[in-house]
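This is what each chain is made of:
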Amino acid sequence: YTRRRPITGAAMAATATPSNPAAAGQQHQSMRFQDLTIDDTLPLLERVLKYAQSEIALQRLVHVRQMADVLRGVPLSQRMFTMDRLSVLFPKLVDDPEILVRQGFVAQLVEIALICLNINATDGAPVENAVEKTKGGGENDINDESVTTSLRNYVLTVLVPYMGSMLSNPNLEVRRSASEAVTKLASELSANEVRQYLLDYPLALLSRSQTSGLNNISSPKMPVSNSSVEDMRAFGVVFLGELCQSLSGNHVREVIVPHLIRCKSDKSHKVRSACAIALPRAFNNLGDDSNDGITENDQAAATKARTQLLDAFCCLSEDSSIPCRNVCSDSIEIFNPYTQYSDEETLRVREKMVEITLVLLHDEQQAICVRTLQRLGPIIASICFSLDQVKTDSVVLKVKESVALNILPFFCGMTDNVVSEYTTREDQQAINDMRSYCAYNFPGVLLSLGREYWTSCLRQCFINLLYDNPTPSDDTDPRSWEELKAMPHRNFQITQLVAIRRIISHSLHDLASILGQKLMETDLYDVLEYFLFEEDVDGVRAGVIKHASALLDLLSQSKRAELIKLFPELYDSLSPTIKGKEDGISGSSYSKSGNWRMRVVFTEQLCCMFSKNVLVASDEEVFVISEVIPLAFTLLGDPVAGVRESAAQKLIPSMLCAVYLDEEDSSSFNTTVQASKDESKTVSKSLSSVAFENCIARLQNFAVGDYEKKQLFCNIMCSLIQDHSHKGKAVSKVMDQMIPFLMQIEKDPVANVRLTMYRSLRTIIDSTEFTSQKIPSVATEDQRQMILASIQRFEEVEDDNWWQ
């Protein structure tokens with residue numbers, strides 16, 4: 001079924017006649033089919049010129065979106081000619097009745113402008129011979145300054161006015177598309193060009209009245225209401241703020257700041273709300289954020305402008321309009337106070353931001369207070385932004401104390417008492433949502449203020465997040481941190497909110513890195529153990545497993561050893577049906593696969609631990625040999641192929657290189673442990689040798705096992721050479737003992753095994769190890785000759801080259 005396209009009155013009069021209605025219908029059908037048919041034989045340029053003016057909106061939209069493609073394949077010398085031909089479409093497209101067509105047109109305009117400006121870009125092959133090359137044109141004209149100057153002038157004098165006209169389009173989506181296009185173009189122009197050619201458009205929108213429009217630009221002829229005028233002016237204010245980043249500091253201070261100061265007292269609440277959006281952007285681009293070429297007068301002017309902008313924003317935060325105050329609560333975090341100010345200015349600006357935040361937190365409208373609470377984390381981070389670069393410690397201390405005294409109680413109170421002021425106890429969903437916001441922003445707040453505020457206030461906030469109903473109901477309720485830590489895990493009243501547990505689990509490694517080893521072990525270790533071994537939700541548990549290597553790296557040797565000993569238990573919990581089968585391969589005895597994705601993550605983390613030498617800690621080598629190495633090979637027998645591949649390609653090669661001991665090899669484990677600052681003992685040579693020989697023996701068992709084990713063995717050898725060549729002698733030592741076993745697989749009856757063996761031998765031959773003088777070869781010359789002979793026999797024997 002095809003929906004009929006409406007026929008215009010003229011077309012209907014020409015085709016439908018009372019005397020012959022049948023012929024009229026046949027002619028009507030023919031015309032509609034012709035209109036819907038596109039001539040693919042036309043070059044792209046001719047096709048765009050023809051169908052971008054079609055009466056069918058879909059055809060116009062499709063071909064308007066191809067205008068930039070026409071220009072992209074044209075040599076520089078022909079671009080001006082192509083632009084002249086395309087420009088005949090612009091007057092109609094700018095007033096097209098379809099919104100999507102106008103949006104597509106303005107998006108293509110900025111792409112065309114960037115192609116014209118970016119003359120050194122590689123445009124690729126010509127697109128369907130859109131324009132035939134003329135004599136003398138082509139690559140020789142790429143550096144022709146006259147052509148590039150003409151193209152740049154064309155962009156500024158022709159394309160920019162068309163984009164500017166779309167800024168006054170009655171449709172909001174079209175205006176937004178135009179704003180994005182002009183902002184994108186502004187980033188490629190100089191500040192003076194933006195000032196001369198672009199800045200007038202938002203200023204014209206600001207001064208627009210019910211009967212005025214943009215000069216010299218045609219706009220859709222539609223009636224303008226008071227409401228649409230307000231919308232236009234508000235849009236102009238927002239766009240003015242977006243252009244600030246492309247203007248110089250002088251332009252922002254001299255042109256934009258005065259307009260924004262006037263707009264904060266505008267009669268329209270829409271304009272004032274837009275002003276609240278633009279003020280922070282102007283604040284961040286006053287031009288004194290660096291010491292390059294900044295005079296004292298510039299700094300004084302910037303300081304004055306900064307004071308005016310902050311005072312204007314503070315005024316808007318107390319505006320009578322609720323939407324305006326709402327916008328202020330969303331925009332305050334955009335303020336980006338730099339560190340190049342004087343100490344007095346740095347302190348004044350940040351204290352002013354604290355003042356504005358308190359105004360919003362005490363707003364008479366509950367919704368604005370809640371909205372500000374939800375954004376307290378980013379607000380605190382913005383106030384404390386780059387404080388570590390401030391040279392005067394007293395200023396840093398005053399700023400942090402001001403935040404901790406005035407704002408931090410609200411943030412910590414989001415877990416219970418502050419929320420109760422804005423919601424009822426029955427509104428549990430609102431309370432839970434607020435706690436989720438607090439948990440999500442908690443690492444950022446801790447990073448902004450520093451670990452020195454952990455013990456005084458943030459630790460209690462963390463307790464309130466982690467436990468349900470943490471506030472004592474009476475004096476006998478054991479809610480102190482010390483008492484909670486002394487309780488067994490099974491008695492911990494961990495919050496039942498999965499969302500909060502998930503957030504804490506995935507950010508625990510960030511908290512640990514901020515707090516350091518001592519505070520991490522005293523305050524976070526029990527939480528880590530709970531999430532690893534007692535958490536029953538996979539999404540929560542995945543957070544600590546995904547960052548297990550980073551967490552163990554932050555622990556002391558003794559705590560790390562305690563956790564490593566529980567790894568077999570952790571693996572059993574991830575694969576409840578896989579127990580007691582070492583060096584196995586999937587088979588009928590496996591009825592379930594368990595959570596195999598978690599086992600893949602666990603395998604990758606074990607690989608990271610071996611790569612960082614986290615697992616091989618002094619006094620724990622025996623445990624590594626007896627538990628961790630068997631566990632690594634057990635992962636090779638996982639019933640899920642993804643787990644086996646991860647173990648073969650990443651874990652086993654990393655483990656072999658980690659346990660190999662060579663006093664002369666800087667990458668060996670023994671040297672790394674001796675260089676560690678917090679370790680006092682080194683791994684004994686005998687234990688390391690036992691661990692290495694243990695791994696070699698297990699690998700040899702795989703080399704003589706069934707076909708699946710043999711394939712895994714070959715894949716391990718491939719990965720060892722490809723990804724661990726920097727380990728030098730460790731790889732060479734392994735390959736010296738494994739190459740004879742690889743050669744034995746040559747006559748295996750299973751074709752896939754022989755193919756895997758062939759790929760492994762080819763990897764050895766293709767490896768650069770043989771020609772490198774800095775890294776030892778992975779095979780002797782005799783072994784290399786044997787491998788080449790084996791490869792030749794394989795290629796001769798296998799029928800029809802099926803393996804290629």
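Caption draft 1: Expanded view of unusual backbone geometry. Backbone geometry places Ser-386, a non-glycine residue, at a positive phi of 60°. Position of Ser-386 relative to the elements: it lies in the loop between helix 20 (376-383) and helix 21 (393-406).

Caption draft 2: Broad picture of helix 14 (residues 249-263). With 15 residues, helix 14 should cover 21 Å at 1.5 Å per step; its first-to-last C-alpha distance of 20 Å lies within 8% of that length. Buried within helix 14 we find Gly-249, His-251, Val-252, Arg-253, Val-255, Ile-256, Val-257, Leu-260 and Cys-263.

Caption draft 3: Representation of the confidence of the model for the protein in the model. Looking at the protein, the pLDDT average stands at 78 and 74% of residues meet or exceed 70. Contacts of residues 1-31 to residues separated by more than four positions or lying in other chains number 15 contacts, the stretch itself having pLDDT below 50. Of the regions scoring below 50 in pLDDT, residues 119-142 engages in 35 contacts with residues more than four places distant in sequence or in other chains.

Caption draft 4: Up close: the pattern of salt bridges. The final tally for this structure, using the stated rule, is 25 salt bridges. Where Asp-298 meets Arg-253, a salt bridge forms, and the shortest distance between an N and an O atom there is 3.4 Å. Within this pair, whereas Asp-298 is found in helix 16 (residues 296-317), its partner Arg-253 is found in helix 14, the two being separated by 45 residues in sequence. For Arg-253, a relative accessible area of 12% corresponds to the buried category. Across the salt bridge formed by Arg-599 and Asp-638, the nearest N and O atoms sit 2.5 Å from each other. With Arg-599 in helix 32 (residues 596-611) and Asp-638 in the loop between helix 33 (621-635) and helix 34 (641-659), this pair connects stretches of sequence that are 39 residues apart. The two residues Arg-599 and Asp-638 agree in class, both being buried. The network of salt bridges with shared partners includes Asp-69, Arg-72, Glu-111 and Lys-184.

Caption draft 5: Summary view of the packing of aromatic side chains. Taken as a whole, this structure holds 10 aromatic pairs when the rule is applied. Pairing Trp-454 with Phe-462 gives two aromatic rings, centres 5.7 Å apart and planes at 50°, and the pair type is tilted. An identical accessibility class is assigned to Trp-454 and Phe-462; each is buried. Centre to centre, the rings of Phe-633 and Phe-702 are 6.2 Å apart; their planes meet at 50°, and the pair counts as tilted.

Caption draft 6: Region of the structure containing helix 20. The buried count for helix 20 comes to six of eight residues, which makes it a mostly enclosed element. Restricting attention to buried positions, one finds in helix 20 the residues Leu-376, Gly-377, Ile-379, Ile-380, Ser-382 and Ile-383. Its buried side turned inward, helix 20 meets helix 18 (343-361), helix 19 (366-374), helix 21, helix 22 (408-412) and helix 24 (428-449).

Cut-offs applied
Residues numbered from 1 in each chain as written. Predicted model: local features only at pLDDT ≥ 70, side-chain atom pairs only at ≥ 80, totals over all residues. Heavy atoms only, no water. Helix = DSSP H or I, 4+ residues; strand = E, 2+ residues; numbered from the N terminus. Expected span 1.5 Å × (residues − 1). Buried < 20%, exposed > 50% of the residue type's maximum accessible area, 1.4 Å probe, protein only. pLDDT = per-residue confidence, 0-100. Contact = heavy atoms within 4.5 Å. Salt bridge = Lys/Arg side-chain N within 4 Å of Asp/Glu carboxyl O. Phe/Tyr/Trp six-rings, centres within 6.5 Å; stacked < 30°, edge-to-face > 60°.

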